[in-house]
Amino acid sequence: GNSVTQMEGPVTLSEEAFLTINCTYTATGYPSLFWYVQYPGEGLQLLLKATKADDKGSNKGFEATYRKETTSFHLEKGSVQVSDSAVYFCALSMNSGYSTLTFGKGTMLLVSP
Amino acid sequence: GAGVSQSPSNKVTEKGKDVELRCDPISGHTALYWYRQSLGQGLEFLIYFQGNSAPDKSGLPSDRFSAERTGGSVSTLTIQRTQQEDSAVYLCASSSGGTGAREQYFGPGTRLTVT
């Protein structure tokens, strides 16, 4: 079956530090890949997505590149802010048929001033 | 426009009681999903409705869980004879219909606590 593996958290950084959250996936077929974010007390929001190999998703300074050869979709940001503190979920959904989201377990990011 | 809404936002119930959780999807979205978010388990898929097709119930953890979607819009997730391990945040999402990977829009969730 399909699965998503994320690095365990929490990830603790100082403001303006560089962020990487690793995500790898296993899928039978060709998925689309997503990063969702959950801010404290709020619901899940789509942060960015990529639908095919070598695509780069980007939003709010965050980026992730769909790497088919390494089955990865690592999330990066060059300079984090305190307001980026949240839980980040990597997820996949298949591009054919009717498909739900398969999530990783989530990675908590804590950014201190 | 209005997003996905869920009610109640919090529910505390005694073990053994039945509970109903409601989801109002985004108007016009034909696909509706239920997920469960619990400590240590992450986000688990429960059930998926797509238009008038038979729902995909493959994620329901036991026969105590059921869901229906009336008129292709509002959905209710019912948990019978609740157990403490049912305590979690139940999330609903909707998307435009059709095949392939589509962006899902999530509601704020219902936090269920079984005492």
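Here, every reference points to the structure presented above.
In short, a report on the structure.

The rules behind these values
- Residues numbered from 1 in each chain as written.
- Chains lettered and ligands numbered in written order.
- Predicted model: local features only at pLDDT ≥ 70, side-chain atom pairs only at ≥ 80, totals over all residues.
- Heavy atoms only, no water.
- Helix = DSSP H or I, 4+ residues; strand = E, 2+ residues; numbered from the N terminus.
- Buried < 20%, exposed > 50% of the residue type's maximum accessible area, 1.4 Å probe, protein only.
- Contact = heavy atoms within 4.5 Å.
- Phe/Tyr/Trp six-rings, centres within 6.5 Å; stacked < 30°, edge-to-face > 60°.
- Disulfide = S-S within 2.5 Å.
- Core = buried A, V, L, I, M, F, W, Y, C linked by side-chain atoms within 4.5 Å.
- Salt bridge = Lys/Arg side-chain N within 4 Å of Asp/Glu carboxyl O.
- Polar contact = N/O pair within 3.5 Å; in protein donor to acceptor, adjacent residues only side chain to side chain.
- Nonpolar A, V, L, I, M, F, W, Y, C, P; charged D, E, K, R; others polar.
- Pairing = 2+ DSSP bridges.
- Axes fitted to C-alpha atoms, helices over the stretch in contact; angles between N-to-C directions.

1. So, the side chain of Ser38 of chain B
Residues and elements named next belong to chain B.
- In this structure, Ser38 sits in strand E4 (residues 31-38).
- Under the relative-accessibility criterion, Ser38 is labelled buried at 17%.
- What Ser38 contacts, discounting residues up to four positions off in sequence, is Glu44, Ser87 and Ala88.

2. Re the packing of aromatic side chains
- Per the counting criterion, the structure on display carries twelve aromatic pairs over all chains.
- Arranged with centres 5.4 Å apart and planes meeting at 80°, the rings of Tyr36 of chain A and Phe106 of chain B form a pair that is edge-to-face. Placement of Tyr36 of chain A in strand E5 (residues 31-38) and of Phe106 of chain B in strand E9 (residues 105-106) is noted, with the two residues assigned to different chains.
- A residue is classified by how much of its surface remains accessible, and Tyr36 of chain A, at 1% relative accessible area, is buried.

3. With respect to the state of the cysteines
- Within this structure, the stated rule accounts for two disulfides over all chains.
- At a sulfur-sulfur separation of 2.0 Å, the disulfide partner of Cys23 of chain A is Cys90 of chain A. The disulfide joining Cys23 of chain A to Cys90 of chain A has a torsion of about -70° about its S-S bond and is therefore left-handed. Of this pair, Cys23 of chain A sits in strand E4 (residues 23-26) while Cys90 of chain A sits in strand E10 (residues 86-94), and the two are 67 residues apart along the sequence.
- The disulfide bridge from Cys23 of chain B ends at Cys92 of chain B, spanning 1.8 Å between sulfur atoms. Looking along the S-S bond of the Cys23 of chain B-Cys92 of chain B disulfide, the torsion reads about -65°, which is the left-handed sense. Here the residue Cys23 of chain B occupies a position in strand E3 (residues 19-24), and Cys92 of chain B occupies one in strand E8 (residues 88-95), the gap between them amounting to 69 residues.

4. Things to note about the nonpolar core
- Residues Leu19, Trp35, Leu47, Leu48, Phe73, Leu75 and Tyr88 of chain A are the most contacted members of the largest nonpolar core, which totals 27 residues.
- Of all the secondary structure elements, the ones that give two or more residues to this core are strand E2 (11-14), strand E3 (19-21), E4, E5, strand E6 (44-50), strand E8 (62-65), E10 and strand E12 (107-112) of chain A.
- Examining the composition of this core, we find that five residues originate from one element, E10 of chain A, more than from any other.
- Not counting residues within four places of it along the chain, the set of residues in contact with Leu48 of chain A comprises Leu33, Phe34, Trp35, Gly57, Ser58, Asn59, Phe62, Glu63, Ala64, Phe73 and Leu75 of chain A.
- In terms of nonpolar packing, the next biggest core, distinct from the first, is built from 20 residues, Cys23, Ile47, Ala67 and Cys92 of chain B among them.

5. A few points about the interface of chain A and chain B
- Listed as interface residues are 20 residues of chain A and, on the opposing side, 20 residues of chain B.
- Counting the contacts that link chain A with chain B gives zero salt bridges.
- In this assembly, chain A and chain B are joined by three residue pairs in polar contact (both at pLDDT 80 or more).
- Among the elements of the structure, E5, E6 and E10 of chain A are those that each provide at least two residues to the side of chain A that touches chain B.
- If you tally residues by element for the side of chain A that touches chain B, the top one is E5 of chain A, at four residues.
- Split into classes, the residues belonging to the side of chain A that touches chain B amount to nine nonpolar, nine polar and two charged.

6. Some thoughts on the sheet that holds strand E9 (residues 75-77) of chain A
Residue and element names in this part refer to chain A.
- Overall, antiparallel pairing links the four strands, which are arranged E3-E9-E8-E7 in an open sheet. Bordering the open sheet on either side are E3 and strand E7 (56-59), each of which pairs with just one other strand. For this sheet the average axis-to-axis angle between neighbouring strands, irrespective of direction, equals 15°.
- As judged from the three bridges shared by E3 and E9, these two strands associate in the antiparallel manner. Within E9, the position partnered with Ile21 by the bridge is Leu75.

7. Brief notes about the sheet that holds strand E6 (residues 65-69) of chain B
Residues and elements named next belong to chain B.
- Pairing in this open sheet of four strands is antiparallel, and the strands run E1-E3-E7-E6 from one edge to the other. In this open sheet, the two strands that pair with only one neighbour each are strand E1 (5-7) and E6. Looking at each pair of strands side by side, their axes are set apart by 15° on average, direction ignored.
- Bridge count between E6 and strand E7 (residues 75-79): five bridges; the pairing is antiparallel.

8. Thoughts on the environment of Val80 of chain A
All names here are of chain A.
- Mapped onto the elements, Val80 comes out in the loop between E9 and E10.
- A sequence separation of 18 residues divides Val80 from Phe62, and the C-alpha atoms of the two residues are 9.2 Å apart.
- Residues within four places of Val80 in sequence aside, it is in contact with Leu13, Ser14, Glu15, Glu16, Ala17, Leu19 and Val111.

Scope: geometric values only; no functional claims are made or implied.
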